[in-house]
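Inside the fold
Spelled out from the first residue to the last, the chains are:
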Amino acid sequence: MSDGTRGGGRFGRYGGRFVPETLMSCLLDLEREYAAATEDESFRAELAELLRLYSGRPTPLYPAENLSRECGGRARIYLKREDLNHTGAHKINNCLGQVLLARRMGKRRIVAETGAGQHGVATAAVAARFRMDCTIYMGELDMERQRPNVVRMRLLGAEVVPTASGSRTLKDATNDAIRDWVTNVRNTHYIIGSTVGPHPYPTIVRDFQAVIGREAREQILEAEDRLPSVIVACVGGGSNALGIFSAFLGDEDVALIGVEAGGSPDGHAAALCEGTPGVLHGSYSYLMQDDDGQVELAHSIAPGLDYPGVGPEHSFLMDSGRVTYARVPDREALAAFSDLSRLEGIIPALEPCHALAFTRKMLADRTDGDDVVIVNLSGRGDKDIDAVTDLIEDLTE
Ligand SMILES: *Cc1c(COP(=O)(O)O)cnc(C)c1O
């Protein structure tokens with residue numbers, strides 16, 4: 001077992017690679033190949049072309065005028081429309097980058113973990129596009145809860161393997177995916193779905209998601225001729241948030257706010273706001289654990305936020321004070337879900353509803369009227385329709 005302190009991949013005291021010996025060489029190979037790829041003009045050009053023609057980038061930065069008015073007109077709220085990406089969320093940005101890395105390394109098989117199924121669907125899509133074999137690990141319980149995404153993955157040609165161990169959710173599926181990778185590393189690449197895991201994954205995933213922030217920066221300068229005062233994004237593992245934050249980290253006047261899932265009847269999924277530092281999936285970062293260091297179960301109405309850990313760079317950004325983290329309960333996220341649908345004709349995923357709900361609360365306390373706020377709309381809500389059906393029935397009765 002490595003102690004995680006050698007080599008790069010540290011964000012302050014967080015990150016590293018706390019992994020068994022057998023994984024170390026896989027990670028070093030990946031690190032080397034990624035460094036070479038970033039220097040390779042043809043790699044960057046091919047990725048840019050795929051993002052444009054396969055996923056539909058650039059995504060719009062949409063001025064949500066009705067929502068802005070409803071929030072008292074104290075700010076102009078813009079939505080970064082990651083929901084318009086192919087497969088319905090920002091996940092595909094990372095999957096396209098990583099599948100190109102896999103091909104560079106001569107790998108013909110892809111494995112991945114998925115919780116809600118969003119990362120699994122994006123991974124299955126890019127594997128199909130590149131004619132690679134694809135195995136997705138998914139907790140048994142999640143497979144029951146997210147039926148349509150299981151069907152989508154299978155339609156896209158992926159094998160979906162149920163994880164029956166532990167809590168039968170994302171944390172356990174991640175363990176199975178890592179185990180598969182170590183066993184089959186000669187021909188297999190592991191596409192992790194967020195800015196988590198051992199180095200170099202948190203850096204690779206952030207870099208592939210950074211296209212969100214680069215576009216948003218250019219678009220807001222075009223629309224407003226100024227930078228935004230605030231950027232708000234939801235935080236599960238942290239990839240959509242780091243993707244948009246990364247282009248603004250150096251702009252001290254731009255407030256960056258990450259919003260966690262902070263309250264179901266059964267608990268929460270707020271590793272930063274409620275957790276303590278520890279090691280999960282090869283990385284040292286804030287996580288939800290009990291006094292004995294046992295990892296606790298996460299609970300959120302938004303399946304994509306339902307992870308007990310968080311990426312190490314977020315832990316660093318919280319400690320340094322550059323990013324502020326908040327939590328929003330299920331109830332408020334649900335209200336934001338129906339608000340955005342009715343006000344703007346956009347059905348959002350439940351995950352970014354946490355960022356929308358926070359934004360609304362934040363603006364309720366404002367008295368001045370010249371703010372520009374960007375909310376990262378990380379995905380669309382088709383996948384959540386069943387979960388919110390009861391709510392919608394309540395509203396229309
Ligand atoms: C997976 C997912 C998230 C959470 O993951 P991050 O890595 O924190 O971005 C948020 N929103 C949507 C729509 C997702 O599918």
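Structure shown above.
Please read these numbers as outputs of a predicted model, since none were measured by experiment.

1. Details of the site of the ligand
Every one of the 16 residues lining the ligand counts as a neighbour, but K91, S194, G238, S239 and S378 are closest to it. At a separation of 2.8 Å, an oxygen atom of the ligand approaches a polar side-chain atom of N240. The fraction of the free accessible surface of the ligand (380 Å²) that becomes covered by protein chains is 97%.

2. Brief notes about the state of the cysteines
Counted according to the given criterion, the structure contains zero disulfides. Here C234 stays free of any disulfide, with the sulfur of C353 as its closest cysteine sulfur at 9.1 Å. Judged by its relative accessible area of 1%, C234 is buried.

3. A closer look at the pairing of strand β12 (residues 276-280)
In terms of strand pairing, β12 meets strand β13 (residues 283-287) through five bridges, oriented antiparallel. Residue pairing for β13: G278 is matched across the bridge by S285. With antiparallel pairing between neighbouring strands as the criterion, β12 and β13 make up a hairpin whose turn holds two residues, including H281 at a positive phi of roughly 50 degrees.

4. Remarks on the packing of aromatic side chains
Per the stated rule, a full pass over the model turns up six aromatic pairs. Between Y34 and F208, the ring centres sit 5.8 Å apart and the planes meet at 80 degrees, which makes this aromatic pair edge-to-face. Of this pair, Y34 sits in helix α1 (residues 21-38) while F208 is found in helix α9 (residues 201-209), placing the two residues 174 residues apart along the sequence. We note that Y34, like F208, is buried. Among the aromatic residues, ring-to-ring pairing joins Y14, Y284 and Y286 into one connected group. Positioned over the ring face of F130 is R129, at 4.8 Å from the centre of the ring.

Thresholds, definitions, all that
- Residues numbered from 1 in each chain as written.
- Predicted model: local features only at pLDDT ≥ 70, side-chain atom pairs only at ≥ 80, totals over all residues.
- Heavy atoms only, no water.
- Near = heavy atom within 4 Å.
- Polar contact = N/O pair within 3.5 Å; in protein donor to acceptor, adjacent residues only side chain to side chain.
- Areas by Shrake-Rupley, 256 points an atom, 1.4 Å probe, with all protein chains shown as cover.
- Disulfide = S-S within 2.5 Å.
- Buried < 20%, exposed > 50% of the residue type's maximum accessible area, 1.4 Å probe, protein only.
- Pairing = 2+ DSSP bridges.
- Helix = DSSP H or I, 4+ residues; strand = E, 2+ residues; numbered from the N terminus.
- Phe/Tyr/Trp six-rings, centres within 6.5 Å; stacked < 30°, edge-to-face > 60°.
- Lys NZ or Arg CZ within 6 Å of the ring centre and 35° of its normal.

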